[in-house]
Amino acid sequence: MLKRKISDYDAPDSSIFGDVPVRNKRLFRRKTSDRQQWTPQRQSNMAQLLDFILEHEEAFQNKQRLASLFADFRQQLEINPDGYHANIAAWTKALSNAARAGVIPGQGTTHDLLLIRTADELARALQHPQYGKPTCLPAVFHEAVQKKEMVLVKDFMSSTTSIYKTSWLPTPWSALQWSLRTVGVLGKAAPPEKLAVRNYVVLKNVEVAGDEILKKMKEHTSTADRVLSRRDFLNRFSHILNPASPLTDNDLNIILVYLRRDKQAISYDAQTIKFKPEHEAQPLPITEDDAAIAGLRDTLANISAQLPPLMEKIASADAAAREAVASKQMVRAKAALRSKKLAETALAQRSDVALQLEGVYAQLQQAADQVEIVEAMRAGAAALKSLNEKVGGAEGVQGVVDAVNEQMATTEEITNIINETDTAIDEVDIEDEFEALEQAEKEKKEQEEAAKTAARLAQLEDAERKQKEEQASKEPTQLERRLEDEVVEEKVEQASQGIAKMSFVEQEQEEASEERERIPAYA
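Bear in mind that the values here come from a model prediction, so they are computed numbers and not experimental data. (Residues numbered from 1 in each chain as written. Predicted model: local features only at pLDDT ≥ 70, side-chain atom pairs only at ≥ 80, totals over all residues. Heavy atoms only, no water.)

Trainee: Provide a residue-level description of the pattern of salt bridges, including the pertinent values.
Mentor: Any two side chains of opposite charge can pair if their charged atoms end up close together. Taken as a whole, this structure holds 13 salt bridges when the rule is applied. Between Arg297 and Asp225 there is a salt bridge, with the nearest N and O atoms lying 3.8 Å from each other. A residue pair is termed long-range when its members are at least 10 positions apart, and Arg297 in helix α14 (residues 288-326) and Asp225 in the loop between α11 (203-217) and β4 (227-229) qualify at 72 residues. Each member of the pair, Arg297 as well as Asp225, carries the same accessibility label: buried. Asp290 is the partner of Lys274 in a salt bridge, and the nearest nitrogen-oxygen pair spans 2.8 Å. With Lys274 in strand β6 (residues 272-275) and Asp290 in helix α14, the pair connects residues that are 16 residues apart, well separated along the chain. Here Lys274 matches Asp290 in class, with each residue buried. A single network of salt bridges, built from pairs that share partners, joins Asp225, Asp232 and Arg297. (Salt bridge = Lys/Arg side-chain N within 4 Å of Asp/Glu carboxyl O. Helix = DSSP H or I, 4+ residues; strand = E, 2+ residues; numbered from the N terminus. Buried < 20%, exposed > 50% of the residue type's maximum accessible area, 1.4 Å probe, protein only.)

Listed below in structure tokens is the structure:
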């Protein structure tokens, strides 16, 4: 019983065998039909998840925090509850973002964006070279379910009530559980020890995808544009969450349930999806007309997809024919030309059919819009009829107007009668009192003007007095200036007299010298 082949065992843990090449690890994996083969490609996909978390999640970039995140921190729930919930929140955020990025390993080659499969592959994909596999994953998914951040797929798909609906009336079982917890008989549900194989819906990713889809559909106002097939829905919204990773069929089923049950924005069946207009409270059920519109759109998409390959075939056949003619291979050239003609004929037929289908779709779109317009007019007419009935019609309104006019005339008549009984007012007394008020106001103004005039005169007298004082203070200064001018004039006169005397003496000396020159010298 103990003798088995080496090939009957699973691949060993890296902590035991170290760096064993992939080709050797295959020898230690059990050969069963329900397990997927260990391939280098799957190993790279698993390493992609850990690399993504370490690169994009801030909580996993601290080495000290990283050791705590990969350790078994379940005992911290009683010792350090804040640290426990912080680690749970970091793991929940990291796994949700990784699912949205399309790096969570799934069944086959596809990667679901709205759900996470908790199989052993998930733990291997998160295995760290230094800290090993995270032993806290069971607690992470347990707490995420308790906080309604994740929901089991079977519960999400089978629930008939919205995930946002909360009941104020507790069930008998929940009331009993609360009572038992209060008295200490029943404690809080502990996280499981092992990670069970289950599928969980990531509600955050579902909400983001649903909001983006509804935002895009607001751009389409036509009735026919709001009717889609499942294929058309995937083609239009497959990259709504991740441009590099499209939505899968599992994601499509989840998002359709969310939009119908929780958002009440669509109605759908196996092939057709219909979005409700904004003015309607509930989506209408799928009709045969809706199914015909969706089928027509699919057919038009199929034919349109056939046109590019035919055009490529025509181009390649034309190139082959030219090459054969250049090399003088006439048989090959004729065969290429026949292929080209066949492709051109098929292209013309497909193009004609596509044009016809586009015309039919345009007519359907117009007819659907007209139906909506007529329905709106019918609803408006019914509302107007109800309002007119409430007011009693034209005759009722005329009767109300006549009654109002009659009552207004009665009121005016009563007013006139009351005015006639009033005491007459003596107009002469009023005039005398008015003249007395005018005279008092006039005297008041004259007194104010007289006071202003006296104040102005006082200001003028004060200014004149100040001016005289200033002139009196300036007179001695002018007398001194006059004396100084007289002294200066006297000095100037004396200087001019001195100069005149000097010039007279010089003139007398010159005349004496001239006379001496004229006297003859004795021999």
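Trainee: Please give an account of a negative patch on the surface that cites residues and values.
Mentor: On the surface, Glu427, Asp429, Glu431, Asp432, Glu433, Glu435 and Glu438 cluster together into a patch of negative charge. Within the element layout of this structure, Glu427 appears in helix α17 (residues 427-518). (Patch = residues over 30% accessible without salt bridge, like charges linked within 9 Å, V, L, I, M, F, W, Y side chains within 5 Å. Areas by Shrake-Rupley, 256 points an atom, 1.4 Å probe, with all protein chains shown as cover. Lys, Arg positive; Asp, Glu negative; His and termini not counted. Charge placed at Lys NZ, Arg CZ, Asp CG, Glu CD.)

Trainee: Would you mind going over the packing of helix α12 (residues 230-237) against helix α13 (residues 249-262) in detail, with residue names and values included?
Mentor: The contact between α12 and α13 brings their axes to 12 Å, and the two run at 100°. Taken together, the axis directions place α12 and α13 in an arrangement best described as roughly perpendicular. Residues Arg230, Phe233 and Leu234 of α12 form the contact with α13, whose own contacting residues are Asp249, Leu252, Asn253, Ile255, Leu256 and Leu259. Taken together, the residues that form the contact of α12 with α13 break down as six nonpolar, one polar and two charged. (Axes fitted to C-alpha atoms, helices over the stretch in contact; angles between N-to-C directions. Parallel < 35°, antiparallel > 145°, perpendicular 65-115°, else oblique. Contact = heavy atoms within 4.5 Å. Nonpolar A, V, L, I, M, F, W, Y, C, P; charged D, E, K, R; others polar.)

Spatial relationships are all this shows, so hold off on functional conclusions.
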